[in-house]
Structure formats: structure tokens, C-alpha cells
Amino acid sequence: MKKLIVVLLCLAVASPAFAMSLKYNISDGEIVSMGEMPDLSASAGERVVHVPFDIPKEHLSNFTFNGADLVRKSQTIIDKERARRRFSTTKAEKAFLDALGEFSSFDIRFELSVLIAYAEQKDFDGLKTHIEKLEAETVITEADVVLLNAIFAGQNISMNASEHGMGEGGGL
Amino acid sequence: MKRILTILVVMAMIFVSPAFGAWDSALPAGTSDPSDIDTEVGANNTALQSLLDDLAGWADLQVDRTNATTVAVTADQLVLRGSSDLAARFETVSESIAITTDGASGLDTGAEQASKWYYVWIIAKDDGTINGLLSLSATAPTMPANYNDKALVSAVYNDSSSNFVDFLQSSHHYEYNTWRSMASGVAAAWESVDTANFVPSELSNVAFGSLIGLGGNIQVTNNNSVAAHADTVAPNKIIVAISDTGGAYWRLHLLTADTLYWSGWASANLYCGGFEITKLS
């Protein structure tokens, strides 16, 4: 009986009063979600832990989780990810049309919808690959690539290799 | 026919049964039979208590956090209830209550605990001395000696660092100065959110807040049996589809105790702005 009471007391003491749950990707520490969510469950490659700290004031995507604490990403990475999130296809379309006369061929306008589709999906890897394909097929020139890169650079999107990755987007 | 109708209406007005015994200022009379006096006084007390129960608890009540350990309560009028159920009315109430103080104007009993709701009481002695009191109890605070009357007016959340969360309560509207994040990130289907640390269930079951994100869909509901898919129209859910930065306001009855449900895409945030005090008058 005494043992039972001791066990129950230990359980009572061990129960966390603050039940903040955090789900993250095991491979890279990217945080999936965080909150007072008692039923939070992990999918393959994810883990759910209870942590003693609050949700940060900044967006969760600015942090990774190292198993114990939140680690803020470098400001360079945060700025690039923010630029991808805030990329406006409307602004890009306008910049493209404004520069239309500077391209080597007026027919590049037929590629606009494809380029914008990649950008809408925030798939800047796919966009870069497509531009390289157009250049390889001589649909556009090297000078046209410079013009296109400048359009995306206008919204802080760098099309240089290794400076971008798959962005966020989509819906439920 | 008109006369019959008139008579019926008059009779209905005369014979409407009152919900409680009416106060009779003529009783007990000097001519009352002594054996009836207890009954007559008792009937009048019942009527009086019923009126007191219906009295508004407060007028122009304001409660706010002064600092990490102190709250302040002001009211033009406040009605306190005694242990014998009689009421005492106070005017121009202004009390400061610190959790670092023991007893009246402080904590009723025990040591300060983190991550807990502390209920804010106003207490008074029979001689009219009035003070505030903080207690973990929303029903039976440990009263300091000689204090008999009390009124529950608010609550304050002592966070994980043992700091009071900043708020302002005006009458029944309780709002956090900085809306508190309840959940963030990605929730692909309805995920339950425990509201216990954001809405004290002893005071309220109506919460409000916002959904904010940087892209995709975010939604909240008080009924997780409705369709979670963002493309499905369903009742009881507030949804916002965001292409850049955007959000929506929500106000929901907590149909399941201490629980809301949300789902959201990347960089989604569910904030609690506060709650409406629905369980005090």
C-alpha cells in the first residue's frame, strides 16, 4: 500500500504543469508545429516532445530544434526564406512585362505562364532548371537569363546555385 | 365578448404567480399573532435575498496587471456576498493585490506556483474594511481572520516564469495586452488545442483571438466533427486562405471543455486574444 502511495506521489510530482508540445523533423530539426496540443502525434520522420518554453514571438520557421532548445537560423537563411514566402507573382508579372522590350525575342512572353507557375508554387529550383533548359535550347539568350534573374532579384530571390531551395506553399 | 376578454385579462394580471415571495412592508405588524412572526419575517427575508441575488455584482469594474506580481482592481460599485448569504455593497473600490504578500491584499495560502490561474477576489470585514485576495480557488478562498464577505471578480495567469501575464479586464471583457500564441506551425488535420492556460474555465467558456499566417489555409473550430478539409464548406469553422500575409478574427464558444481545434499550413499561428467572462455577474 505504501509503495502504491509513493508511486502515485511520484507520478503526481512528475506530471508537467506546463504541457507545451513541439513536433519536429528528426533529420534536420525543422519545426513542424508547437502549441498546447495534448494529442499532437508524429508522422514518419517526425518526433513530438514536451518542452518547458513558450512559442517564440518570431515565426517557428525561423528556428530549428536540437532536441533540447530552439536554435535560431542565421539571419541570411531567415531573410531568404522570408523572401520566398513573400514573393509576389503579380509584381513579377508586371516587372516581366515592363522589361519585355529588352528581351531578345518577343516570343518569350509565351514562356511567362510557365515561369509564373513555378514561382506561384515557390519552386525556385524548378524555375531555375526551366530557365537553364530554355537557354540550352536557345529559346532565350544569356542576356535574357540576366534579365530574368534581375526580375526575381527585385524581390530578393537569388537564382544563383545553392542559394535557394524548395519553398513553402500549397494548402491543406 | 369584449367584457369577457377584459375580465380574463384583468384576472390573469391579478393571479400571475410571482417567482419569489413579495416583500410586505406591513409585516410583521404590531397586531400579528406572535406565533406568526417567525413565518412573516422569514417570508420577507426570502424576498429580500432574492432581490439581493439579482443585484448587479459590479459597476465600471476594471482589473489589470500592475507588474509581474501585482494586479489592481477598481470599481464604482461592488457587491460582496457574506457567508450568511447577505450582501454588502461597496462604492469606489480601489485595491492593489500582490502575490508576494500573505493574506489580505495578497495570497490567501501557500507559496506562489507557476503555470497556474490565480483568482482575484475582493474581501471585506463586517466593519467595512475592504481588501483584495489572490487564491487558486475560484469557489472557496482561504479567508483571512475576520473577513466574511467576498466577491470573485477576475483571474490572472501566472506563467511558467512566475510572472503575471499582462491583461486588462473591463467589466466582462478580458483581453491580453499581447495576444498569446496557442499553436503555431503546421497542422494538417484538426489538432486539439488545450485552452486551459488561456481561458479559466471557472470564469468563461467564450474565447476570441486571431488566425494569422504567411501562406496557405488556416482554420479553427469548436467542433472537430465538421470537415477539416479547407476546400469543404462547413459550419462552426472560421477559415482564412492566405496568399501572402493575412488573417482572421475568431470568437467561439468552447463546446468541449478547455478545447479548440485548429489546422494550418506553414507559418500558421493561432492566437488567443482573451475571453468573455460568462460565469460571473
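What you see is a predicted model; the values in this text were computed from it and never measured.

Enquirer: How would you summarise the overall build of chain B if you had to cite specific residues and measurements?
Expert: Helix and strand counts for chain B stand at two helices and 15 strands. Of all 281 residues assigned to chain B, the portion counted as buried reaches 46%. Long-range pairs, those at least 24 residues apart, make up 64% of the contacts in chain B with a sequence separation of at least 6. Entry remark: accessible area of chain B is about 13,400 Å², with carbon and sulfur atoms responsible for 54%.

Enquirer: How would you summarise a nonpolar patch on the surface if you had to cite specific residues and measurements?
Expert: On the surface, Trp 23, Leu 48 and Leu 51 of chain B cluster together into a nonpolar patch covering about 310 Å² of accessible area. Here Leu 51 of chain B shows up in helix α2 (residues 34-54).

Enquirer: Summarise the interface of chain A and chain B; cite the residues concerned and give the values.
Expert: Counting residues at the interface gives 27 residues for chain A and 32 residues for chain B. Applying the counting criterion to the chain A and chain B interface returns zero salt bridges. There are eight residue pairs in polar contact (both at pLDDT 80 or more) connecting chain A and chain B. By residue number, the principal contributor to the side of chain A that touches chain B is strand β2 (residues 31-35) of chain A, which donates four residues. Of the residues assigned to the side of chain A that touches chain B, the class counts are 11 nonpolar, eight polar and eight charged. Bridge count between β2 of chain A and strand β10 (residues 173-194) of chain B: three bridges; the pairing is antiparallel. The partner of Met 34 of chain A across the bridge, within β10 of chain B, is Ser 184 of chain B.

Enquirer: Would you mind going over the environment of Arg 82 of chain A in detail, with residue names and values included?
Expert: All names here are of chain A. Structurally, Arg 82 can be placed in helix α2 (residues 75-86). Counting along the chain gives 59 residues from Arg 82 to Thr 141, while the straight-line C-alpha distance between them is 30 Å. If sequence neighbours within four positions are ignored, Arg 82 has contacts with Asn 62 and Gln 75.

Enquirer: Would you mind going over the environment of Ala 136 of chain A in detail, with residue names and values included?
Expert: All names here are of chain A. On the secondary structure map, Ala 136 appears in helix α5 (residues 124-136). Given a relative accessible area of 65%, Ala 136 falls into the exposed group. In this structure, the C-alpha to C-alpha distance between Ala 136 and Phe 124, residues 12 residues apart in sequence, is 18 Å.

Rules and cut-offs
Residues numbered from 1 in each chain as written. Chains lettered and ligands numbered in written order. Predicted model: local features only at pLDDT ≥ 70, side-chain atom pairs only at ≥ 80, totals over all residues. Heavy atoms only, no water. Helix = DSSP H or I, 4+ residues; strand = E, 2+ residues; numbered from the N terminus. Buried < 20%, exposed > 50% of the residue type's maximum accessible area, 1.4 Å probe, protein only. Contact = heavy atoms within 4.5 Å. Areas by Shrake-Rupley, 256 points an atom, 1.4 Å probe, with all protein chains shown as cover. Patch = residues over 30% accessible without salt bridge, like charges linked within 9 Å, V, L, I, M, F, W, Y side chains within 5 Å. Salt bridge = Lys/Arg side-chain N within 4 Å of Asp/Glu carboxyl O. Polar contact = N/O pair within 3.5 Å; in protein donor to acceptor, adjacent residues only side chain to side chain. Nonpolar A, V, L, I, M, F, W, Y, C, P; charged D, E, K, R; others polar. Pairing = 2+ DSSP bridges.

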